[in-house]
Amino acid sequence: MAAGGDYPAFALGKPRFDQSTFRGRFRHFLDVIDPRTLFVTESHLKAAVQLLEDYKHGASPSGVSDQQLWEAQKIRQAVLHPDTNEKMLMPFRMSGYIPFGTPIVIGLLLPQQTLATTVFWQWLNQSHNACVNYANRNATKPTPASKFILGYIGAVASAVSIAVGLNVFIKKADRFNPATRSLIQRFVPFPAVATANVCNVVLMRHSELEEGISVLDVDGNVIGSSRVAAQHALMETAITRIVLPVPILVLPPVIMSLLEKTWMLKAHPRLALPLHSLVCLAAFGFALPVAISLFPQISEIETSKLEPEIKIATSDKCVFYNKGL
């Protein structure tokens, strides 16, 4: 088949875009989070899966283009778990992260939060994150449910304690006037969510640090398990989780504080919530693909930096590992 301008020759199970560049990873993850895949019908999904199965066994119907094959793979990867081949619930797919997560972000950033609303929105946010983490987990090895529960409790506890603590501190700070105090309170969700995200990653994936993760050669063959690679994987994932909430939870308060001074919102204060929602949606839509594109999904590490048993097992200068999302 001839490859189209935007559609290279199809490669089953491989990314469509170059993963060695940020631009390639960004375009790849735009496909991963494409919300249009939420509306794929059951018959369309079955047709996509069947097309890929036919291709795998060299029985593709005549006239099938590379574009059709890439689109079929995009649908399967968006809807089905790669390890279990089971359908993931819509709110917990990566393609559903922005549509279902934006209302929570709006709630987190609402002004004049009470203690009850602060606890509620932080709990709801971490509950959604935990479900997304579980739905997109690596299921090649059985993981006790207790580890996910531990990560969930740790994330909720850290988010709520930091958010409530900062709110109490700001309210008791006499040197802030009411307007300044209200503005500062809008930024409270960021340190709470960023810290909780890191706690969630560390607690839910702590076993990887103890047992190591699989490292692969260039052909995808498992060489062994490495704790050093696990440290790199968790560090990269933690950085991603810190970067992700920066545009989402920092930009909207700044933009809204400026918009609230304009004649439009002063004359029509009811427009504040719709505008706030649009700003949060735009920030979320920008932040998610940027953050998860910082590092390749399949990362590379020099063999010389790994354990002696890995060095002995391969002559390759570099090996690969799955970072996780």
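Quick summary incoming for the structure in this document. (Residues numbered from 1 in each chain as written. Predicted model: local features only at pLDDT ≥ 70, side-chain atom pairs only at ≥ 80, totals over all residues. Heavy atoms only, no water.)

Here we come to a nonpolar patch on the surface. A cluster of nonpolar side chains, Leu-251, Val-254, Ile-255 and Leu-258, forms an exposed patch at the surface whose accessible area comes to about 320 Å². Among the secondary structure elements, Leu-251 is positioned in helix α11 (residues 245–259). Judged by relative accessible area, Leu-251 falls into the partly exposed class, the value being 39%. (Patch = residues over 30% accessible without salt bridge, like charges linked within 9 Å, V, L, I, M, F, W, Y side chains within 5 Å. Areas by Shrake-Rupley, 256 points an atom, 1.4 Å probe, with all protein chains shown as cover. Salt bridge = Lys/Arg side-chain N within 4 Å of Asp/Glu carboxyl O. Helix = DSSP H or I, 4+ residues; strand = E, 2+ residues; numbered from the N terminus. Buried < 20%, exposed > 50% of the residue type's maximum accessible area, 1.4 Å probe, protein only.)

What follows deals with helix α10 (residues 227–243). Given a rise of 1.5 Å per residue, 17 residues ought to cover 24 Å, and the 24 Å separating the end C-alpha atoms of α10 matches this to within 8%. Among all positions in α10, only Ala-229, Ala-230, Ala-233, Leu-234, Glu-236, Thr-237, Ala-238, Thr-240 and Arg-241 are buried. Two to three positions downstream of the cap, the backbone nitrogen of Val-228 sits 3.3 Å from a side-chain oxygen, assigning the N-cap of α10 to Ser-226. (Expected span 1.5 Å × (residues − 1). Polar contact = N/O pair within 3.5 Å; in protein donor to acceptor, adjacent residues only side chain to side chain.)

This part covers the packing of aromatic side chains. Inspection of every chain in the model, using the stated rule, returns six aromatic pairs. Summarising the aromatic geometry, the rings of Phe-10 and Tyr-55 are spaced 5.0 Å apart at their centres and angled 85° between planes, so their arrangement reads as edge-to-face. Here Tyr-55 lies in helix α2 (residues 42–56) and Phe-10 lies in the segment before α1 (22–32), a separation of 45 residues in the sequence. Tyr-55 gets classed as partly exposed once you look at its relative accessible area, which sits at 28%. For the pair Phe-120 and Trp-123, a centre-to-centre distance of 6.0 Å together with 45° between the ring planes defines the contact as tilted. (Phe/Tyr/Trp six-rings, centres within 6.5 Å; stacked < 30°, edge-to-face > 60°.)

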